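What the coordinates show
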Amino acid sequence: ITKTKILNHIYTVFVIVISFVIFDAVNISEAFSYIKAMVGFSSLPFVSTEFLYYLKEYSVVIILALIGSTPLLKTVLDKLSELRFIKPVLYVFEPVVLITLLVLVTSYLIDGSFNPFLYFRF
């Protein structure tokens with residue numbers, strides 16, 4: 001992976017996050033307040049009791065997201081699919097895993113507190 005590719009990914013994530021903040025804010029001063037707080041220029045502590053609670057509560061999800069956001073899983077599956085006796089197992093296993101992930105993601109969405117969709121305000 002070249003440095004340019006990594007910088008492009010960082011730039012894209014940065015622009016998307018800032019765009020979400022600007023789109024969600026009621027006015028531009030609120031948007032700047034959110035952005036200042038996101039980069040550490042606020043009176044809020046970086047590590048709080050709530051932060052530690054959510055870190056503990058969602059640690060498995062965070063670890064799975066970190067693994068899923070890298071090409072590691074795809075590389076392992078590609079290597080496994082080269083084995084003749086594993087290929088049929090992967091054909092059955094892949095849809096089962098995807099359906100399980102869909103159910104888990106849906107249950108997390110349903111389990112969350114009331115949070116209306118962003119576009120309902122317009």
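Residues numbered from 1 in each chain as written. Predicted model: local features only at pLDDT ≥ 70, side-chain atom pairs only at ≥ 80, totals over all residues. Heavy atoms only, no water.

Quick look at the overall build of the protein chain
Where we set the bar: Under the DSSP-based scheme used, a helix requires at least four consecutive residues in state H or I and a strand at least two consecutive residues in state E, with every element numbered from the N terminus. The size measure is the radius of gyration over C-alpha atoms, and the globule rule it meets is 2.2 Å times the number of residues to the 0.38 power. For the exposure calls, accessible area comes from a 1.4 Å probe over protein chains only, and a residue counts as buried if that area is under 20% of its type's maximum, exposed if over 50%, partly exposed in between. Methods summary: accessible areas were calculated by the Shrake-Rupley approach with a probe of 1.4 Å, and residue burial reflects only the protein chains presented. Two residue types count as positive, namely Lys and Arg, and two as negative, namely Asp and Glu; His and chain ends fall outside the count. For this purpose, a charge sits on NZ of Lys, CZ of Arg, CG of Asp or CD of Glu.
Secondary structure summary: the protein chain contains six helices and zero strands in total. Ordered by position from the N terminus, the helices and strands of the protein chain form the series α-α-α-α-α-α. The C-alpha atoms of the protein chain give a radius of gyration of 20 Å, which is well past the 14 Å a tight globule of 122 residues would have. Principal-axis analysis of the C-alpha atoms gives the protein chain an extent of 60 × 40 × 35 Å. The proportion of buried residues among the 122 residues of the protein chain is 6%. Carbon together with sulfur atoms contributes 73% to the accessible area of the protein chain, which is approximately 11,400 Å² in total. Looking at the protein chain, you have 9 positive and 8 negative side-chain charges, and the mean spots of the two groups are 12 Å apart.

Some details on the packing of aromatic side chains
Rules: Aromatic rings from Phe, Tyr and Trp, with only the six-membered ring used for Trp, were paired whenever their centres fell within 6.5 Å, and each pair was classed as stacked if the ring planes differed by under 30 degrees, edge-to-face if by over 60, and tilted otherwise.
Per the counting criterion, the structure on display carries two aromatic pairs. With 5.2 Å between their ring centres and 70° between their planes, Tyr 53 and Tyr 54 make a pair best called edge-to-face. Given the relative accessible area of 46%, Tyr 53 is considered partly exposed. Given a relative accessible area of 47%, Tyr 54 falls into the partly exposed group.

Some words on the layout of surface pockets
So the rule is basically this: Of the two site types, the cavity is a set of points on a 1 Å grid over the protein atoms alone where a 1.4 Å probe fits but cannot get out, and the pocket is an open set with protein on both sides within 12 Å along at least five of seven lines, each lined by residues with an atom within 4 Å of a point. Grid points are joined across faces, edges and corners, and a volume is the space filled by probe spheres set on the points. Polar here means any residue outside two lists: the nonpolar Ala, Val, Leu, Ile, Met, Phe, Trp, Tyr, Cys and Pro, and the charged Asp, Glu, Lys and Arg; Gly therefore counts as polar.
Its boundaries defined by the atoms lining it, the largest pocket holds a volume of some 640 Å³. Every residue lining the largest pocket is counted, 18 residues in all, and those nearest its centre are Leu 64, Leu 73, Val 97, Leu 98 and Leu 101. Those elements giving two or more residues to the lining of the largest pocket turn out to be α4 (59–68), α5 (72–81) and α6 (87–111). With nine residues, α6 is the single largest residue contributor to the lining of the largest pocket. Each residue belonging to the lining of the largest pocket can be placed in one class, and the counts come to 15 nonpolar, two polar and one charged. Of the volumes computed, that of the second largest pocket is approximately 200 Å³.

Quick look at the pattern of salt bridges
Side chains carrying opposite charge are able to pair once their charged atoms draw close together. Rule in force here: A carboxyl oxygen of Asp or Glu within 4 Å of a side-chain nitrogen of Lys or Arg is what we treat as a salt bridge.
All chains considered together, the criterion is met by one salt bridge. A salt bridge links Lys 74 to Asp 78; the shortest N-O distance between them is 3.0 Å. One end of the pair, Lys 74, and the other, Asp 78, are both in helix α5, four residues apart, so they sit about a helical turn from each other. Given a relative accessible area of 36%, Asp 78 falls into the partly exposed group.

Section: the environment of Ile 6
The topology assignment puts Ile 6 in helix α1 (residues 3–24). Separated by 96 residues in sequence, Ile 6 and Leu 102 have C-alpha atoms that sit 29 Å apart.

Section: the packing of α1 against helix α2 (residues 28–38)
Note the threshold: Only the stretch in contact is used when a helix axis is fitted, and all axes are lines through C-alpha atoms; the angle between N-to-C directions ranges over 0 to 180 degrees. Handedness of each helix crossing follows the sense of rotation of the near helix against the far helix: counterclockwise by less than a right angle gives left-handed, clockwise gives right-handed. Contacts are assigned to residue pairs that have any heavy atoms within 4.5 Å of one another.
Here α1 crosses α2 at 145°, and the two axes come no closer than 8 Å. Between α1 and α2 lies a crossing whose hand is right-handed. The residues of α2 that touch α1, namely those facing Val 17, Ile 18, Val 21, Ile 22 and Asp 24, are Glu 30, Ala 31, Tyr 34, Ile 35 and Met 38. Across the contact of α1 with α2, the residue classes break down as eight nonpolar, no polar and two charged.

Keep in mind these values describe shape, not function.
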